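# Understanding the architecture of this molecule
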Amino acid sequence: MSSSDIFIGEIIGTAVLILLGGGVVAAVVLKRSKAQNAGWLAITFGWGFAVMTAVYMTGTLSGAHLNPAVTVGIAIKDGGWSNVPVYFAGQILGAMIGATLVWIAYYGQFQAHLTDPEILAAQPAEEGLVDQKAAPKAGPVLGIFSTGPEVRNVWQNLATEIIGTTVLVLAVLTQGLNDSGKGLGVLGALITALVVVAIGLSLGGPTGYAINPARDLGPRIVHALLPLPNKGGSDWSYAWIPVVGPLAGGALAAGIYQLAFA
């Protein structure tokens, strides 16, 4: 795989991942959406199908890592680091593109939701929904773009992200690459998608299961930049946890693989 193939493949794949994954959250959360209040099962399966679609689509281009934690785990396993920056760049850029596409697809729903008196009244004044300079925490639609904890406890939130990502990356490493060396095989894409669903159902409750630094950081940047009315803060004080936790989980999974499976 050339560097250009990797870069293009990761942009396309991660954009599709975030478009479909963020899209299902928008569908469930936003007013005037036909899927409003569809619930956690819809979100977890939506993210799983998003992974499956993106991996099928771009596996032969880049190996469909779509996640810096997966890239780190594979690099530790195989000892190849030369293309890691290319993977990271494609993943972050793709995640930002995907988040922007969610905003475009749900533009009217975002406007309706963020100007709805009931939604505005439900937000604590200190979260700065009107004065965004006074908005250190999460705004009312930040969860469409990135993750956040239900209980703010640094060590627990970090541990949850590490544990969930370890499961994901170890599942990827143990099923291996296909014989052509061009990423997960057809069955591997389905297995990975189901693993993501399992993580969401079992471990997603505390933090929203980022398990992917690009999936959280790229859309969080987009949330901060988009001209959304009354959008509130982007919760940058929490943003390091869904970056550091998944990277640590990817490295831990690679270490477990080396000890137990290599």
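Coordinates for the structure precede this section.
None of the values given here were measured: they were computed from a predicted structure.

### Details of the overall build of the chain
- If you tally the helices and strands in the chain, you get eleven helices and zero strands.
- The order of helices and strands in the chain, counted from the N terminus, is α-α-α-α-α-α-α-α-α-α-α.
- By the compact-globule yardstick of 18 Å for 262 residues, the chain fits well, its C-alpha radius of gyration being 18 Å.
- C-alpha extents for the chain along the principal axes are approximately 55 × 35 × 30 Å.
- Expressed as a percentage of its 262 residues, the buried residues of the chain come to 51%.
- Contacts in the chain between residues far apart in sequence, at least 24 positions, make up 79% of those at least 6 positions apart.
- Carbon and sulfur atoms provide 67% of the accessible area of the chain, an area that totals close to 11200 Å².

### Remarks on the side chain of Thr44
- Structurally, Thr44 can be placed in helix H2 (residues 40-62).
- Dropping the residues within four chain positions of it, Thr44 is found in contact with Val197, Gly200, Leu201 and Tyr209.

### Remarks on unusual backbone geometry
- Positive phi outside glycine occurs at Ala64, with the angle close to 55°.
- Structurally, the position occupied by Ala64 is in the loop between H2 and helix H3 (68-78).
- In this structure, Tyr209 is a non-glycine residue whose phi angle is positive, near 45°.
- In this structure Tyr209 comes out as buried when scored by relative accessible area, which is 6%.

### Things to note about the packing of aromatic side chains
- Counted by the stated rule, this structure contains five aromatic pairs.
- Ring geometry for Trp40 and Tyr209: centres 5.8 Å apart, planes at 70°, overall edge-to-face. Remark: Tyr209 occurs in the loop between helix H9 (186-203) and helix H10 (213-225) and Trp40 occurs in helix H2; sequence separation between them is 169 residues.
- By relative accessible area, Trp40 is classed as partly exposed at 37%.
- Between Trp103 and Tyr107, the aromatic rings sit 5.8 Å apart at their centres with planes inclined by 70°, giving edge-to-face as the arrangement.
- Note on Trp103: relative accessible area 17%, which makes it buried.
- The class for Tyr107 is partly exposed, based on a relative accessible area of 43%.

### What to know about the pattern of salt bridges
- According to the stated counting rule, one finds three salt bridges in the structure shown.
- Linking Glu118 and Lys31 is a salt bridge whose minimum nitrogen-to-oxygen distance equals 3.7 Å. Of this pair, Glu118 sits in helix H6 (residues 117-122) while Lys31 is found in the loop between helix H1 (3-29) and H2, placing the two residues 87 residues apart along the sequence.
- With a relative accessible area of 56%, Glu118 lands in the exposed category.
- With its nearest N and O atoms 2.7 Å apart, the salt bridge here joins Asp216 to Arg220.

### Observations concerning a nonpolar patch on the surface
- Residues Phe7, Ile8, Ile12, Met57, Leu93, Ile97, Leu101 and Ile104 make up a contiguous nonpolar surface patch of about 650 Å² in total accessible area.
- Mapped onto the nonpolar patch, the elements with two or more residues apiece are H1 and helix H4 (84-105).
- Judged by its relative accessible area of 36%, Ile12 is partly exposed.

### Quick notes on the nonpolar core
- In terms of nonpolar packing, the biggest core is built from 48 residues, with Leu17, Trp47, Phe110, Val141, Ile144, Phe145 and Leu228 touching the most fellow members.
- Per element, the largest residue contribution to this core is eight residues, and it comes from H1.

### Some points on the environment of Phe88
- With respect to the helices, strands and loops of the structure, Phe88 is situated in helix H4.
- By relative accessible area, Phe88 is classed as partly exposed at 27%.
- C-alpha separation for the pair Phe88 and Pro213, spaced 125 residues apart in sequence, amounts to 9.5 Å.

### Topic: the environment of Ala38
- Structurally, the position occupied by Ala38 is in the loop between H1 and H2.
- According to the relative accessible area criterion, Ala38 is partly exposed, its value standing at 46%.
- Spatially, the C-alpha atom of Ala38 lies 19 Å from that of Tyr107, the residues being 69 residues apart in sequence.

### Thoughts on the packing of H1 against H2
- In contact at an axis separation of 8 Å, H1 and H2 are set at 165° when each is read in the N-to-C sense. By the angle between their axes, H1 is roughly antiparallel relative to H2. Classified by chirality, the crossing of H2 by H1 is right-handed.
- Of the residues in the contact of H1 with H2, the class split is 17 nonpolar, eight polar and two charged.

Conventions we followed
Residues numbered from 1 in each chain as written. Predicted model: local features only at pLDDT ≥ 70, side-chain atom pairs only at ≥ 80, totals over all residues. Heavy atoms only, no water. Helix = DSSP H or I, 4+ residues; strand = E, 2+ residues; numbered from the N terminus. Rg over C-alpha atoms; globule rule 2.2 N^0.38 Å. Buried < 20%, exposed > 50% of the residue type's maximum accessible area, 1.4 Å probe, protein only. Contact = heavy atoms within 4.5 Å. Areas by Shrake-Rupley, 256 points an atom, 1.4 Å probe, with all protein chains shown as cover. Phe/Tyr/Trp six-rings, centres within 6.5 Å; stacked < 30°, edge-to-face > 60°. Salt bridge = Lys/Arg side-chain N within 4 Å of Asp/Glu carboxyl O. Patch = residues over 30% accessible without salt bridge, like charges linked within 9 Å, V, L, I, M, F, W, Y side chains within 5 Å. Core = buried A, V, L, I, M, F, W, Y, C linked by side-chain atoms within 4.5 Å. Axes fitted to C-alpha atoms, helices over the stretch in contact; angles between N-to-C directions. Parallel < 35°, antiparallel > 145°, perpendicular 65-115°, else oblique. Left-handed = near helix turned anticlockwise from the far one by under 90°. Nonpolar A, V, L, I, M, F, W, Y, C, P; charged D, E, K, R; others polar.

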